Amino acid sequence: MLLTACFTGERPQFAVTPIGGNPGSPTGNAAADAVLALLEGDPVVPLTATYEVTRNMGPVTTPAVVAEDGTRRSVTIGRVRYLQLGSIQTCDLDAGTCASGLVDERVSDTGVTNGFDASVPARRLRIAVARATGEITGSHEEIAGQDATCVTVPQGSGSELYCALPVGVIGRWLAGDVTIQLTSLSDTVDDAAFSTVD
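Predicted model only: the values in this text are computed from it and were never measured.

*Asks:* Can you lay out the overall build of the protein chain for me, pointing to particular residues and giving the numbers?
*Replies:* Secondary structure summary: the protein chain contains two helices and 11 strands in total. The order of helices and strands in the protein chain, counted from the N terminus, is α-β-β-β-β-β-β-α-β-β-β-β-β. Over its C-alpha atoms, taken along the principal directions, the protein chain stretches across nearly 75 × 45 × 35 Å. In the protein chain, buried positions account for 36% of the 198 residues. In the protein chain, 51% of the contacts between residues at least 6 apart in sequence involve partners at least 24 apart. When the 12 basic and 23 acidic side-chain charges of the protein chain are each reduced to a single mean position, those positions are 7 Å apart.

What follows is the structure in structure tokens.
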């Protein structure tokens, strides 16, 4: 006897939790969670944060600026600007042209992507904690006149440092492949940061 049946609805799927957990979830380490709470929370806007981004292999240092005012976001890395102004665009400031979406390939030579100010170091910190090879320690540093919350995570024979500012952006990130240093922070935003030319 043959039995047949019809199944309706969506097929069940396995939920895959990324290494170190999803944004907002605890890692089990208080020092790391304090930094993650800042990087994964909503930023305090308006803000303009200026950085030096160094790809350690080379090394190559590139200026970068992040500007947000609550409805608009601009991330400029070298001569490439990522704009979220309702629509999302990636702009070449020299040519004055823009492409739809976030095209991170445009800055592949810098060692970072458009989320370098918060979401990317937060994800990397979660992975580092999951793979820590020693005791994770918390600390505080003064960066751009603010009390930065920091965590040092041993990785192999070295370590990685992540420092987040109360406004919700990275202040210092030292890793094997990249060094990010905040050089200035303002609670104002210049409209020029949202222009497609510079």
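Continuing now.
*Asks:* Describe helix α1 (residues 30-39), with residues and values.
*Replies:* Along α1, the residues classified as buried are Ala31, Ala32, Val35, Leu36 and Leu39. Buried residues along α1 cover an arc of 130° about the axis, so they all sit on one side. For α1, the exposed residues lying more than 90 degrees away from the buried face are Ala30 and Ala37. Buried residues belonging to α1 abut α2 (119-130), β7 (137-143), β8 (146-155), β9 (158-164) and β10 (170-174). The N-cap residue of α1 is Asn29: its side-chain oxygen and the backbone nitrogen of Ala31 are 3.1 Å apart.

What counts and what doesn't
Residues numbered from 1 in each chain as written. Predicted model: local features only at pLDDT ≥ 70, side-chain atom pairs only at ≥ 80, totals over all residues. Heavy atoms only, no water. Helix = DSSP H or I, 4+ residues; strand = E, 2+ residues; numbered from the N terminus. Buried < 20%, exposed > 50% of the residue type's maximum accessible area, 1.4 Å probe, protein only. Contact = heavy atoms within 4.5 Å. Lys, Arg positive; Asp, Glu negative; His and termini not counted. Charge placed at Lys NZ, Arg CZ, Asp CG, Glu CD. Arc of directions from axis to C-beta. Polar contact = N/O pair within 3.5 Å; in protein donor to acceptor, adjacent residues only side chain to side chain.

Functional significance is not addressed by these values, which are geometric in nature.
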